[in-house]
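# Reading the structure
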Amino acid sequence: MFTISKSITALVAAVGVFAAFAIAPAAGADDKDIASALRAGGLVLVVRHGATFADQADTDPLNFDNIAAQRNLNDKGKALAKAFGDALRQAGVPVGKVYTSKYNRAYETAVIAGFKDIEKTADLTEGGLIVSPNENSRRAEAFRKMLTAAPKDHTNTILITHQPNIAAALGKDWYDVKEGETSIFRPADGAYKLVVRIQMDEWPRIATVASK
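Notes on the structure follow. Bear in mind that the values here come from a model prediction, so they are computed numbers and not experimental data. (Residues numbered from 1 in each chain as written. Predicted model: local features only at pLDDT ≥ 70, side-chain atom pairs only at ≥ 80, totals over all residues. Heavy atoms only, no water.)

## Some details on the overall build of the protein
Each helix and strand in the protein was counted, giving six helices and eight strands. Starting at the N terminus and walking to the C terminus, you meet the elements of the protein as β-β-α-β-α-β-α-β-α-β-α-β-β-α. Classification of the 212 residues of the protein by burial places 49% in the buried group. Long-range pairs, those at least 24 residues apart, make up 63% of the contacts in the protein with a sequence separation of at least 6. When the accessible surface of the protein is totalled, it reaches about 9,900 Å², and 54% of it is carbon and sulfur. (Helix = DSSP H or I, 4+ residues; strand = E, 2+ residues; numbered from the N terminus. Buried < 20%, exposed > 50% of the residue type's maximum accessible area, 1.4 Å probe, protein only. Contact = heavy atoms within 4.5 Å. Areas by Shrake-Rupley, 256 points an atom, 1.4 Å probe, with all protein chains shown as cover.)

## Details of the packing of helix H4 (residues 133-148) against helix H5 (residues 163-170)
At a minimum axis separation of 8 Å, H4 and H5 run at an interaxial angle of 75°. Judged by the inter-axis angle, H4 sits roughly perpendicular to H5. Contact residues: H4 offers Ala140, Phe143, Arg144 and Leu147, while H5 offers Asn165, Ile166, Ala168, Ala169 and Leu170. Here the residues of the contact of H4 with H5 are counted per class, giving seven nonpolar, one polar and one charged. (Axes fitted to C-alpha atoms, helices over the stretch in contact; angles between N-to-C directions. Parallel < 35°, antiparallel > 145°, perpendicular 65-115°, else oblique. Nonpolar A, V, L, I, M, F, W, Y, C, P; charged D, E, K, R; others polar.)

## Focus on the environment of Ala83
Along the chain, the position of Ala83 falls in helix H2 (residues 75-90). Given the relative accessible area of 23%, Ala83 is considered partly exposed. Along the backbone, Ala83 and Met200 are 117 residues apart, and their C-alpha atoms lie at a distance of 8.3 Å.

## A look at the side chain of Thr52
Structurally, the position occupied by Thr52 is in the loop between strand S3 (44-48) and H2. Classification of Thr52 by relative accessible area gives buried; the value is 8%. Residues in contact with Thr52, not counting those within four places in the same chain, are Arg71, Asn72, Leu73, Asn74, Arg105 and Glu179.

## Regarding the pairing of strand S6 (residues 156-161)
Moving residue by residue along a regular strand, the side chains alternate between the two faces of the sheet. For S6, the tally of buried residues reaches six of six residues, placing the bulk of the element in the interior. Burial of the side chains of S6 extends over both faces: Asn156, Ile158 and Ile160 are buried on one face and Thr157, Leu159 and Thr161 on the other. As paired strands, S3 and S6 are joined by five bridges and run parallel to one another. In the strand pairing of S6, Leu45 is matched with Ile158. (Pairing = 2+ DSSP bridges.)

## Describing the packing of aromatic side chains
Two measures describe an aromatic ring pair: the distance that separates the ring centres and the angle between the ring planes. Summed over the entire model, instances satisfying the criterion amount to five aromatic pairs. With a centroid separation of 5.8 Å and an interplanar angle of 90°, the aromatic rings of Phe84 and Phe115 are classed as edge-to-face. On the criterion of sequence distance, the pair formed by Phe84 in helix H2 and Phe115 in the loop between helix H3 (104-113) and strand S5 (118-120) is long-range, its members being 31 residues apart. An identical accessibility class is assigned to Phe84 and Phe115; each is buried. Consider the rings of Phe84 and Trp203, whose centres lie 5.4 Å apart with planes at 50°: the pair is tilted. Here Phe84 is found in helix H2, whereas its partner Trp203 is found in helix H6 (residues 203-210), with 119 residues between them in sequence. Of the residues examined, Phe84 reaches a relative accessible area of 0% and is grouped as buried. Taking the ring centre of Tyr103 as reference, the NZ or CZ of Arg105 above it sits at 4.8 Å. When the ring centre of Tyr107 is taken as origin, the NZ or CZ atom of Lys120, which lies over that ring, is 4.3 Å away. (Phe/Tyr/Trp six-rings, centres within 6.5 Å; stacked < 30°, edge-to-face > 60°. Lys NZ or Arg CZ within 6 Å of the ring centre and 35° of its normal.)

Laid out in structure tokens, this is it:
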């Protein structure tokens, strides 16, 4: 089942003929509803990068080209990233612009998923103690602004980033966001509303239900 924010009622308002619906206990119905909304476009998917090696650290954080000195995706993270992209394609989900952190674990998640229009941005890059508190605050605000931007041409926008960035932008309900977890938002009237939170290993199930 999906992880749904405690503070927000999970509603999906699909574009055009799709009516608003509530997330219900029946998993099969939920999966079809979510797939239908994603196929209609107009959503922003916030993805924490895939699973990584827990014994690695970012030891050269000022040099993003030094991939060997970063915490990188492990085999599970790579496999689930591929399955994530495959599931979106199987479900007929239109993906438009993809933005990622400058760290390789975020960018590689996008590449392995098979996304095309990928752009690295500091706005989604973990700053930690390397950048100033003001810069970390600026990035959090820029992140929230990206959630308010409606995707073009009935596509969906994907943002791939890190737990500290997600928590800083979205608040305490996201401190427990897991590697590979996706939070789906609908931009509306200069704001954004949570639709649902999905773990990366749940995407193939949604695709299978959507294709029936």
